[in-house]
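Read off the chains here:
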Amino acid sequence: MFHNILPLTKKIQLGFFVTLLFPVLQDSDLYSQQNENPYHQTILEELHNYAATEGPEKIYVQTDKEFYGRGETIWFKAYLVDGITHIQSAKSKIAYVELWSEKDSLIAQRKLYIEDLGAAGDIKIGDSLSPGTYTLRAYTKYMLNEKEPLFFQKQIPIWDLPKAMNTPEQPTVEEDTGDLSRSKIIRPQIEFFPEGGYLVEGLENVMGLKVTDGDGNGLASQGKILDENHNPVAFFRTFNFGLGSVNFTPEAGKTYFARIDNGEISVSFPLPKPLPKGYVLNLKNKGGHILINVTSNHESGLQGLFLLGHLRGEIIYKHHIDRSNAKGNAVFKLSTEGLRDGVAQFTLFAEDGEPLCERLVFLDSPENLELTISTEFIDYGTREPVSTMIALKDKTGGPLQGELSVSVVSGDNIPHRNWGTNFKSWLLLDSDLGVTVADPDYFFMDESSSRKQLLDLLMLTHGWRRFVWKDFQDTLTTKVLAHAPEKGIVIRGRTTAFYNSKKSLKSQVKFTILDAGAYQEQSPTNSHGEFSFGPFIFQDSIQGVLNAFALGKKGKPKVAIYTDSTIFSVPFKHPTVQKGALNVTQNIQDYLETARKKKEADFINNPKITRLEEVTVIGEEKTRAQLIQEKATEYAIYKEPTMRLFTDSLPGVQGASMMDMLRRVPGAQVFGTYPDQVAILRVTGTFGAPQPLYVVDGAPATWEFVRFMMASQVVFLDVLKGGAAAIYGARGGTGVVAIYTKGSLLIPPPKPKRLPGVASFNVSGVYKAREFYSPNYAVPKEEHEKPDYRTTLHWEPALQVTEKGSPSFSFYTGDNTGEYVIKVEGMTQDGRPVEGLSRFTVNSEDSKM
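If you're wondering where the values come from, they're calculated on a predicted model, not measured in any experiment. The numbering scheme is per chain: residues are counted from 1 as the chain's sequence reads. In keeping with the model being predicted, local features are shown solely for residues with a pLDDT of at least 70 and side-chain atom pairs are shown and tallied solely at 80 or more, while totals for entire chains, interfaces and linings include all residues. Neither water nor hydrogens contribute to the side-chain values; these are computed over all heavy atoms in the structure.

**Q** It is not clear to me how the overall build of the protein chain should be interpreted in this structure. Could you clarify?
**A** A run of H or I in DSSP counts as a helix once it spans at least four residues, and a run of E counts as a strand once it spans at least two, with each numbered from the N terminus. Counting its regular elements, the protein chain contains twelve helices and 45 strands. Exposure categories follow from relative accessible area, calculated using a 1.4 Å probe and restricted to protein chains: below 20% of the type maximum is buried, above 50% is exposed, and the middle band is partly exposed. By the burial criterion, 50% of the 849 residues in the protein chain qualify as buried. Working rule for contacts: check all heavy atoms of both residues, and any pair within 4.5 Å makes them a contact. Here the contacts in the protein chain between residues at least 6 apart in sequence split such that 71% fall between residues at least 24 apart. Accessible surface, the protein chain: about 40,600 Å² in total, of which carbon and sulfur atoms supply 51%. Here the open area of atoms and residues is found with the Shrake-Rupley method and a 1.4 Å probe, where only the protein chains shown may cover a residue.

**Q** I tried to follow the pattern of salt bridges on my own but got confused; where do I start?
**A** Two side chains that carry opposite charge are able to pair once their charged atoms sit near each other. Only one rule defines a salt bridge in this text: a Lys or Arg side-chain nitrogen within 4 Å of an Asp or Glu carboxyl oxygen. Applying the stated criterion across every chain yields a total of 28 salt bridges. Two residues, Lys77 and Glu403, come together in a salt bridge whose shortest N-O distance is 3.0 Å. Taken together, the residues span a long stretch of sequence, with Lys77 in strand S3 (residues 73–82) and Glu403 in strand S26 (residues 402–410) at a distance of 326 residues. Accessibility expressed as a relative area gives 1% for Lys77, which makes it buried. We classify Glu403 as buried; its relative accessible area is 4%. Linking Asp660 and Arg663 is a salt bridge whose minimum nitrogen-to-oxygen distance equals 3.2 Å. A relative accessible area of 45% places Arg663 in the partly exposed class.

**Q** Would you mind going over the side chain of Lys424 with me for this structure?
**A** With respect to the helices and strands, the residue Lys424 is situated in helix H5 (residues 423–433). With residues near it in sequence (within four places) discarded, Lys424 still touches Asp364, Leu429, Phe444, Pro833 and Glu835.

**Q** I keep staring at the sheet that holds strand S2 (residues 68–69) and nothing clicks. Help me out?
**A** Hydrogen bonds between backbone atoms are what pair the strands of a sheet, whose relative direction is either parallel or antiparallel. If DSSP finds at least two bridges between two strands, the strands pair. Spatially, S2-S8-S7-S4-S5 is the arrangement adopted by the five strands of the open sheet, whose pairing is mixed. The two strands at the open ends of the sheet, each matched to only one other strand, are S2 and strand S5 (106–113). Bridging between strand S4 (residues 94–100) and S5 involves seven bridges; their strand directions are antiparallel. Each bridged residue has a counterpart across the sheet, and for Glu98 the counterpart in S5 is Gln109.

**Q** Could you clarify how one ought to interpret the sheet that holds strand S37 (residues 693–696) in this entry?
**A** Taken together, five strands build an open sheet; the order of strands is S34-S39-S40-S37-S38 and the sheet is mixed. Of all strands in the sheet, those bounded by a partner on one side alone are strand S34 (643–646) and strand S38 (699–701). Averaged over all pairs of adjacent strands, the angle between their axes in this sheet comes to 25°, without regard to strand direction. Of the pairings in the sheet, the one linking S37 to strand S40 (residues 736–741) comprises four bridges and is parallel in character. Along S40, the bridge assignment pairs Val696 with Ile739. Only C-alpha atoms enter the line fits that serve as axes; for helices the fit covers just the stretch in contact. Angles between N-to-C directions range over 0 to 180 degrees.

**Q** Could you clarify how one ought to interpret the nonpolar core in this entry?
**A** Among soluble globular proteins, nonpolar side chains are generally buried collectively. Grouped together as the largest cluster of nonpolar side chains are 59 residues, with contacts concentrated most on Ile59, Val61, Ile74, Val97, Phe511 and Leu546. Broken down by element, this core gets its largest block of residues, six residues, from S3. If we skip the residues at most four places from it in the chain, Phe511 touches Ile491, Tyr519, Gln520, Glu521, Phe533, Phe536, Val545, Leu546 and Phe761. Nine residue types can take part in a nonpolar core, namely buried Ala, Val, Leu, Ile, Met, Phe, Trp, Tyr and Cys, and a core is a set of them joined through side-chain atoms within 4.5 Å. Listed in part, the 23 residues of the second largest apolar core include Leu281, Ile316, Ala330 and Phe332.

These figures come from the coordinates and say nothing about function on their own.
So this is what it looks like as structure tokens:
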């Protein structure tokens, strides 16, 4: 029980209370036109514009499991919603899902096209990936417009299957009960959060407390508030996550400090200095309504103040205090009937629009929907069909519409505690406040009053990341979006003078796709030479050509075309609050052993597989010239050539022969026409001088062979004279021409040279999710003879729930016995998160119940 959360104790005259008791959202009563204040009206208009046009987006990713072994696949579903209403986003259609290592390396990226509420994807975990805790991150480009973007991040432990017990230390998760014994040996730190923002002399204040260790872990503790004469004025306790609160009334001119005394250690911390004059904003969530108490010790009282409440930017309460009898205290009541769930922010503004006090409160209506996951039986045998039905209804029993994703996984993959972020805690809590605690799901595990009070303490000790009113007012009216919502893939670029890339040219650009279903369009650039085509939606990749010519210029100057890269990623930042280590339990060992058996069975029973160890090369990207130099060193038996000619560095060799390349060698002579050309490196004064020794890809070759070679077949050639050719003995006396062809060196082709008015492009499309394999044992197949050790029995990423009826799906159990969990997450069309679990058991024998 939270004994330190005290009820409202101030006495209020009955008549005064009645006159200030207002129903919800009756704007004519709460903010009348005759009382309009231009500063307050500006705040309302800015907030309305924000909600209507520039509100945020939120993204959540459901994974089929909470942790994985190397070689497995992460199956996931990304949900993208409007950040205010939580319905389908009308802004972005492109989202990015990435897997990052502990060392901030990007392992994989999936660029998804989200047509409705979400899109599915998958990431194959390579066998060479180091065990550790990885981070799954998701975002849209539009989210980058925020000062501190709130990307979705989920920690993903990945284990080494053969060495489950010898893996490096993994991030663990522990029940953060704030054991008092930890406080005895660790020097605690304490933060103070006066309700509304400030302590005020002569007024009763509620002050939030957060006690942590040196690593930011919450500590359970107890202590007292002392005045400057060490007289105790109040006592407090902190509970889960180190959260607590204390009520007391500061006296004028006094200073105060908090002392934590846990037996072996006693530490003191000064409290914030109380204001001599100020305001206190106190909120109490009574379930069916919010009780709002505003108090001041100013001589002018509350006259002219403005109280505003909003839920994620949607206004839910507004009141201009203009009553002459509203001197130093006023109480208001807001019904929560019909309001959405989530974090609401209440702010008290001065007459000139300056924010004075702020308080967050969590609105959590009683369970407003019912998700039913039903199977025909609770016990099944191996390789038996399981039929599952999903029903989604509102509190009146009426059907709801929505989009769900379902995974059926081994119960060994579900920790005893819910390790991970679920849809509700992310959507309603952390996506607005930032990551609050290591286990935000704790606040929603049941409907107990203790958890609700703890959630209110969380509101008391946190501010709203999206709404810092000063920044909001300073920037919103002049805000220009740096990142427009992505609707698809856009090919962008610019045109410049061909010989001066810094000189922009306004041009007419023609865009042509060369693949199947050829497409063409054209348009002029802007005055800066910038062009764009799209948005397009396609999978795989497309190839095409851009053509351009200058507009409005005499003499038609040559145009260069530069295209922008379509590869995009944002630098990675580790979560500010991380989970502890996920300890190796017996369940995890059992899971990893099953995953190992599946991997071995897949390998043994697939004769087409040749197992090769993956190799990861770490280093700087090498240029083509560097690669050629390395290959030349590997193949050549000599040290340094007299001269080296790179084919793609020689102008005018298109259609030329290999012999024509030798004309670039000082002192060399080439006689005749192709294919009867003869080259001489050492001039002796007679036409009949011996020809050089030809060496092709390391082997001597005759003139009859090399005379047919074209320059296009050659990567480079070396010319050796004098001492450089000594290694070839007498045969090198007349010089050596060492030729290296494209086929032998395996060098990637050179980047195409820029040509006036033309440029090619190759653009990757959005990711196409692989199809999840689930065997159908009703149809006999040879492949069914191998063992079935699947740890994910079923993955259904797009289960549509309509008014027509309850959706259903079916799958087969495998050969592994034990408990399995059906995990359902998703969204209703009206913006409510859905989540639920159901369990069944697989036995070695048929024992249906």
